Amino acid sequence: CRSGQVSHVSTSFRMLEDQTQKTRLWSDKHGRNQYERLANLYALIKSVEKLETAYLNSTAHAGAYESACSELITRFKTLRNALVDTVPDVQHFMSTYSIQFATARHRLQIGMPATVEHRVVRLDEQPSAVSVAECVHNYIGLIDTLKLNMANLLLLPLRAASRYIFRWIDCDWQLLHDP
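Calculation notes
- Residues numbered from 1 in each chain as written.
- Predicted model: local features only at pLDDT ≥ 70, side-chain atom pairs only at ≥ 80, totals over all residues.
- Heavy atoms only, no water.
- Phe/Tyr/Trp six-rings, centres within 6.5 Å; stacked < 30°, edge-to-face > 60°.
- Buried < 20%, exposed > 50% of the residue type's maximum accessible area, 1.4 Å probe, protein only.
- Axes fitted to C-alpha atoms, helices over the stretch in contact; angles between N-to-C directions.
- Helix = DSSP H or I, 4+ residues; strand = E, 2+ residues; numbered from the N terminus.
- Parallel < 35°, antiparallel > 145°, perpendicular 65-115°, else oblique.
- Contact = heavy atoms within 4.5 Å.
- Nonpolar A, V, L, I, M, F, W, Y, C, P; charged D, E, K, R; others polar.

Enquirer: What exactly am I supposed to notice about the packing of aromatic side chains here?
Expert: Two aromatic rings are characterised by how far apart their centres lie and by the angle between their planes. Counting across every chain of the model gives 3 aromatic pairs. With a centroid separation of 5.0 Å and 55 degrees between ring planes, the pair formed by Phe-93 and Tyr-97 is classed as tilted. Its relative accessible area of 49% is what places Tyr-97 among the partly exposed residues.

Enquirer: I would appreciate a short explanation of the packing of helix 2 (residues 29-56) against helix 5 (residues 102-110) in the present structure.
Expert: The geometry of helix 2 relative to helix 5 is characterised by a closest axis approach of 8 Å and an angle of 105 degrees between their N-to-C directions. For the element pair helix 2 / helix 5, the angle class is roughly perpendicular. Of helix 5, the residues touching helix 2 (which contributes Leu-44, Ile-45, Val-48, Glu-49 and Glu-52) are Ala-102, Thr-103, Ala-104, Arg-107 and Leu-108. When grouped by side-chain class, the residues that make up the contact of helix 2 with helix 5 number 6 nonpolar, 1 polar and 3 charged.

Enquirer: Would you explain unusual backbone geometry in this entry?
Expert: A negative phi angle characterises most non-glycine residues, just as the trans form characterises most peptide bonds. Even without glycine at this site, Ser-58 takes up a positive phi of about 60 degrees. Turning to its location among the elements, Ser-58 is positioned in the loop between helix 2 and helix 3 (62-82). With a phi close to 50 degrees, Ser-98 is a non-glycine residue in the positive phi region. Relative to the elements of secondary structure, Ser-98 occurs in the loop between helix 4 (90-96) and helix 5.

As structure tokens, then:
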């Protein structure tokens, strides 16, 4: 009985050994590099998702979030250039591999941290260079749209931009005229 158990165990072990042999996903160095890049892309997407969740749950401070998110977005852009032939965009990659990280997808498609995308300007703050550049960009876009008589087509998206512009104008007006 004992020898029968030993032979059964050794046979089972050999079968398990055969099943656990490594399967090569590539046949050359180029294939290996491609799989490593895809693995890095997945890890990067997952990291952005975790960072977004931490920021939304207030477990990541805004400054640390912005710095880490900017770094991840920069790495994503670099990696995207290396994978341009295989992965046309992040949405394609995520749908191909059934990855359901909506906040990471949005953040990587936008290309900027949420703190920059939804920057709130307070009247008591000095305008930053980014805020001034964004204001000028929105103002020029609004004026060009009006000059081209395209206001009917683009009025809704520009409404938010114009509110932002006029808030800055009002802020500057108050600073200039209040003693």
